[in-house]
Amino acid sequence: MPATHRLFPGYLAAAATLLMWTGFNLVSRLGGKSVLTPYDIFALRLITASLILLPFASGMPPGAWRDGRLWILAILGNLLYCLLVYQGFRYAPAAHGGILLAGLQPFLISALVWLIAGTRPNRMRNAGLLLIAIGIVCAAMPYFTEWSADSFYGDVLILLSSISWAFYSVLAARWGYSAWTLTRAVVLGSAVLYLPVYLLWLPKQLEAAPLSMIVIQSLFQGIVASILAMLAYLKAVSILGTERAAAFLALVPIVTGLLAIPLLDEALTAWLLSGLVFVSLGSYISSRYGTTSLRN
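Residues numbered from 1 in each chain as written. Predicted model: local features only at pLDDT ≥ 70, side-chain atom pairs only at ≥ 80, totals over all residues. Heavy atoms only, no water.

Engineer: Honestly, the side chain of Arg45 in this entry has me stumped. Any pointers?
Structural biologist: With respect to the helices, strands and loops of the structure, Arg45 is situated in helix α2 (residues 38-53). It is Asp40 that comes nearest to the buried, bridge-free Arg45 among opposite-charge side chains, at 14 Å. Of note is the side chain of Arg45, whose polar atom sits 3.5 Å from the side chain of Asn78. Discounting chain neighbours no more than four positions away, the residues touching Arg45 are Phe24, Asn78, Cys82, Tyr86, Gln221, Gly222, Ala225 and Ser226. (Helix = DSSP H or I, 4+ residues; strand = E, 2+ residues; numbered from the N terminus. Buried < 20%, exposed > 50% of the residue type's maximum accessible area, 1.4 Å probe, protein only. Lys, Arg positive; Asp, Glu negative; His and termini not counted. Salt bridge = Lys/Arg side-chain N within 4 Å of Asp/Glu carboxyl O. Polar contact = N/O pair within 3.5 Å; in protein donor to acceptor, adjacent residues only side chain to side chain. Contact = heavy atoms within 4.5 Å.)

Here's what the structure looks like:
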């Protein structure tokens, strides 16, 4: 079979992952602009995903629910990450999320790998990280002329969520769990920790929200973002390899920024467009070169 035919399913999976990761920024921002609270959106995500994954809970590896490392990953990769990012998208535009979530990951992961494993980035990865830094400076330029406390607050929350996801990514790779184990543990573990607190104490606006918004957030956050995006990404990696798959995901910031214009009526300034381009290019170079193994 020609090489292009063998790789075609991988490119389809990578393209699907790109669309789903971009959709996460857009749908989360849509939810942030609605009457739903961030606590509502996270609860809808967990309830939907748990209903799908609960029948597979019995197939978890022996002792998984007593493994403290899986609980740490559930907190970092879902509980903290989602609560911070959903709150952040109440104030910050989707394009900022594309930069700070997907675009900033190579920078954050390189820093964590250096701290944890002592592995310094190579020359090409450093070049990519420099481009990401330039892009972030470009995106931040409007703050010096049109200061927005709300947008800045949202950006800080999204940045913190991105840091939480970077810790999750590095520790998950270092500890070597399978993706299927992680998917179930992260969703079901978060549901056990969060849903009782949500039901008893956290503010809710479900009754005031349109049914269409509840359905959109439930289906996308609970099925697409929690389950399908992970499976599509793993399919892409298995066929194309980590570097080629990561190259597709480097486009998430710029695709998010462009789609946010017609879908969310968000402005795309010259500074923000420059930032999106630099961050996407830097993410591609950083992901394409210098991949590091973190397992013990």
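Additional details are given in the paragraphs that follow.
Engineer: Got a minute to help me understand the side chain of Ser280 in this structure?
Structural biologist: By the element assignment, Ser280 lies in helix α12 (residues 270-288). Side-chain polar atoms of Ser280 contact the backbone oxygen of Leu276, separated by 2.9 Å.

Engineer: Looking at this model, I keep getting lost on the pattern of salt bridges. Mind explaining?
Structural biologist: Any two side chains of opposite charge can pair if their charged atoms end up close together. Across all of its chains, the model carries 2 salt bridges by this definition. The partner of Arg29 in a salt bridge is Glu266, with the nearest N and O atoms 3.2 Å apart. Remark: Glu266 occurs in the loop between α11 (252-264) and α12 and Arg29 occurs in helix α1 (residues 3-32); sequence separation between them is 237 residues. The buried category is assigned to Arg29, whose relative accessible area is 12%. Of the residues examined, Glu266 reaches a relative accessible area of 10% and is grouped as buried. Residue Asp67 is joined to Arg69 by a salt bridge in which the shortest nitrogen-to-oxygen separation is 3.9 Å.

All we've got here are geometric facts, nothing functional implied.
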